[in-house]
Amino acid sequence: MPETLTLTRPDDWHLHLRDGPALATSVRATAEVFGRAIVMPNLGPPVTTVEQALAYRGRILEALPDGSDFEPLMTLYLTDRTSREEVQRAAACEHVLAFKYYPAGATTNSESGVTGLENVYSVLEVMEEKGLPLLVHGEVTDPAVDVFDREKAFIDRMLSGLVERFSSLRLVFEHITTADAVQFVMGAREGVAATLTPQHLLMNRNDLFVGGLQPHNYCLPVLKRGAHQEALRRAATGGNPRFFLGTDSAPHARGAKESACGCAGCFSSPAALPLYAQCFEELQALDRLEAFASHFGPDFYGIDRNTSTLTLRRETWMVSDELEFHSGEKIVPYWAGRQLSWQVA
Ligand code: NCD
Ligand code: ZN
């Protein structure tokens with residue numbers, strides 16, 4: 001059994017960094033390990049223009065520790081009112097890599113999301129033409145659909161049609177949670193990929209309820225049953241370049257999670273790479289971790305892989321019970337108080 005594992009420095013292809021005083025804690029946790037990250041635009045108010053994205057990028061760079069060469073890759077939040085001109089500006093800006101599609105009301109700060117796909121057809125044409133990827137939160141918001149079925153319903157009602165109608169649009173199905181999504185991505189035309197989070201690889205919906213309600217395991221899309229988790233684990237470790245790392249790390253203060261109406265989101269950044277390593281080791285696929293974490297993402301986005309490396313060493317350690325967040329608030333990281341067998345050296 002190897003004692004160390006040296007990889008090309010990985011990138012995180014789906015990350016929430018927040019803004020204001022929360023930014024420093026969240027970006028530091030990521031920048032210690034990852035070379036780059038796709039930064040989600042769901043601030044309140046959302047990042048909808050290139051100008052706002054560049055200003056946000058500036059605040060992220062300012063919050064970085066001295067000497068860090070971490071690079072934030074910006075995204076714009078697609079709304080019913082996004083103009084074709086804004087898409088053109090985004091395509092021309094080297095710091096903006098993609099648009100994020102949230103169905104209105106699907107998750108944290110998604111009130112400004114798209115209310116009907118037809119409303120954005122005209123801007124999707126420009127994205128397709130410019131090769132600018134669309135990153136999709138794939139859940140329907142129809143209250144009649146069971147929460148556990150919303151991803152599958154999204155594939156059937158929206159995604160299949162979208163992928164066919166815009167037949168060369170590059171699309172990432174973000175944080176997939178079901179065997180249905182795995183199957184869809186595997187069978188889809190070229191230019192369709194998916195990200196996988198640590199929590200969906202390491203847990204299933206029992207982890208929300210067993211031993212009492214577990215708010216720190218609650219995220220959206222919500223954890224699904226074990227059979228889905230198995231399909232995701234096989235997809236992540238199977239060596240298929242369509243599946244790559246995206247933590248969806250989404251920090252919320254302890255009080256906002258442990259509340260009568262708890263926020264969705266797992267703060268996985270502090271242990272992200274060891275969490276993925278745990279899953280890959282369990283499936284005897286550690287030799288495939290590097291491609292998943294460091295190669296397939298940049299290849300999909302058409303940018304260079306990182307040239308530096310990072311080493312993991314086999315060492316059992318425990319994720320902190322709690323960390324400082326900001327303004328006196330604490331945050332409970334994902335996997336708090338539990339062990340992992342790989343540690344970033
Ligand atoms: C994210 C957040 O808090 O911004 N929460 C989550 O559970 N993943 C939003 C999102 O990506 O859905
Ligand atoms: Zn997210």
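Overview of the structure. Model, not experiment: these values are computed from the prediction. (Residues numbered from 1 in each chain as written. Chains lettered and ligands numbered in written order. Predicted model: local features only at pLDDT ≥ 70, side-chain atom pairs only at ≥ 80, totals over all residues. Heavy atoms only, no water.)

If you walk through the whole model with that rule in mind, you get two cavities of 30 Å³ or more. Here the largest cavity defines a volume of roughly 120 Å³. Taken together, 18 residues make up the lining of the largest cavity; nearest its centre are H16, T107, L220, D248 and A250. Looking at side-chain class alone, the lining of the largest cavity contains six nonpolar, nine polar and three charged residues. One number sums up the size of the second largest cavity: a volume of about 50 Å³. Around the second largest cavity sit H216, P251, H252, K257, G265, C266, F267, I331, V332, P333 and Y334, which together line it. Among the residues forming the lining of the second largest cavity, the class breakdown is seven nonpolar, three polar and one charged. (1 Å grid on protein atoms, 1.4 Å probe; cavity = no way out; pocket = protein on both sides within 12 Å on 5 of 7 lines; lining within 4 Å. Points joined across faces, edges and corners; volume = space filled by probe spheres on them. Nonpolar A, V, L, I, M, F, W, Y, C, P; charged D, E, K, R; others polar.)

H14 (NE2), H16 (NE2) and D248 (OD) make up the full set of protein donors to the zinc ion (ligand 2), lying at 2.0 to 2.1 Å. Coordination geometry of the zinc ion (ligand 2): the four donor atoms subtend angles of 91 to 150 degrees at the metal centre, consistent with an arrangement described as irregular. One chain supplies every donor for the zinc ion (ligand 2), spaced along it as H-x1-H-x231-D. Taken together, the residues H16 in the loop between β2 (12-15) and α1 (22-31) and D248 in the loop between β9 (243-245) and α10 (254-257) connect sequence positions 232 residues apart. Given a relative accessible area of 6%, D248 falls into the buried group. (Donors = N, O, S within 2.8 Å, 3.2 Å for Na, K, Ca; no water. Tetrahedral: all angles 85-135°; square planar, octahedral: opposite > 155°, others 65-115°. Helix = DSSP H or I, 4+ residues; strand = E, 2+ residues; numbered from the N terminus. Buried < 20%, exposed > 50% of the residue type's maximum accessible area, 1.4 Å probe, protein only.)

This next bit is on the environment of D146. In this structure, D146 sits in the loop between β6 (134-136) and α5 (150-165). Classification of D146 as partly exposed rests on a relative accessible area of 43%. Taking C-alpha positions, D146 is 24 Å from K100, a pair spaced 46 residues apart along the chain.

Among the residues of helix α6 (residues 179-187), A181, V182, F184 and V185 are the ones counted as buried. On an axial view of α6, the arc spanned by its buried residues comes to 165 degrees, and they lie on one face. Within α6, the exposed residues directed more than 90 degrees away from the buried face are Q183 and G187. Next to the buried residues of α6 lie α5, β7 (171-173), β8 (192-196), α9 (226-237) and β9. (Arc of directions from axis to C-beta. Contact = heavy atoms within 4.5 Å.)

Residue placement: Q199 occurs in helix α7 (residues 198-202). Overall, the relative accessible area of 1% leaves Q199 in the buried class. Each C-alpha atom of the pair Q199 and G58 lies 30 Å from the other, and the pair is 141 residues apart in sequence. Not counting residues up to four positions away in its chain, the partners in contact with Q199 are C219, L223, T247, C266 and Y334.

Let's shift gears to the side chain of K257. You can see K257 is positioned in helix α10. With no salt bridge to any partner, buried K257 finds its closest opposite charge in E258, at an N-O distance of 9.3 Å. A polar side-chain atom of K257 sits 2.9 Å from the main-chain carbonyl oxygen of Y218. (Lys, Arg positive; Asp, Glu negative; His and termini not counted. Salt bridge = Lys/Arg side-chain N within 4 Å of Asp/Glu carboxyl O. Polar contact = N/O pair within 3.5 Å; in protein donor to acceptor, adjacent residues only side chain to side chain.)

The strand order across the open sheet formed by three strands is β1-β10-β13, and the pairing between neighbours is antiparallel. Every other strand in the sheet has two partners, leaving β1 (4-8) and β13 (339-344) as the edge strands with one partner each. Direction aside, neighbouring strands of the sheet carry axes that sit 35 degrees apart on average. Examined bridge by bridge, strand β10 (residues 309-318) and β13 share five bridges and lie antiparallel to one another. The residue bridging M318 from the neighbouring strand is Q339, located in β13. Against the sheet, helix α11 (residues 272-282) engages β1, β10 and β13, with an angle of about 115 degrees to β13. Seen against the sheet, helix α12 (residues 289-301) touches β1 and β10 and runs at an angle of roughly 25 degrees to β1. (Pairing = 2+ DSSP bridges. Axes fitted to C-alpha atoms, helices over the stretch in contact; angles between N-to-C directions.)

Looking now at unusual backbone geometry. At the junction of G44 and P45, the peptide bond is cis and its omega measures out at -5 degrees in the coordinates. Within the secondary structure, P45 is located in the loop between β3 (36-39) and α2 (50-63). The step from L220 to P221 runs through a cis peptide bond, and the omega angle for that step is -10 degrees. Structurally, P221 can be placed in the loop between α8 (206-209) and α9.

Bringing the packing of α9 against α11 into the picture now. As a packed pair, α9 and α11 sit with axes 10 Å apart at the nearest point and diverge in direction by 95 degrees. As summarised for this structure, α9 and α11 are arranged roughly perpendicular, according to the angle between their axes. Across from R233, A236 and T237 in α9, the residues of α11 making contact are C279, F280 and E282. Here the residues of the contact of α9 with α11 are counted per class, giving three nonpolar, one polar and two charged. (Parallel < 35°, antiparallel > 145°, perpendicular 65-115°, else oblique.)

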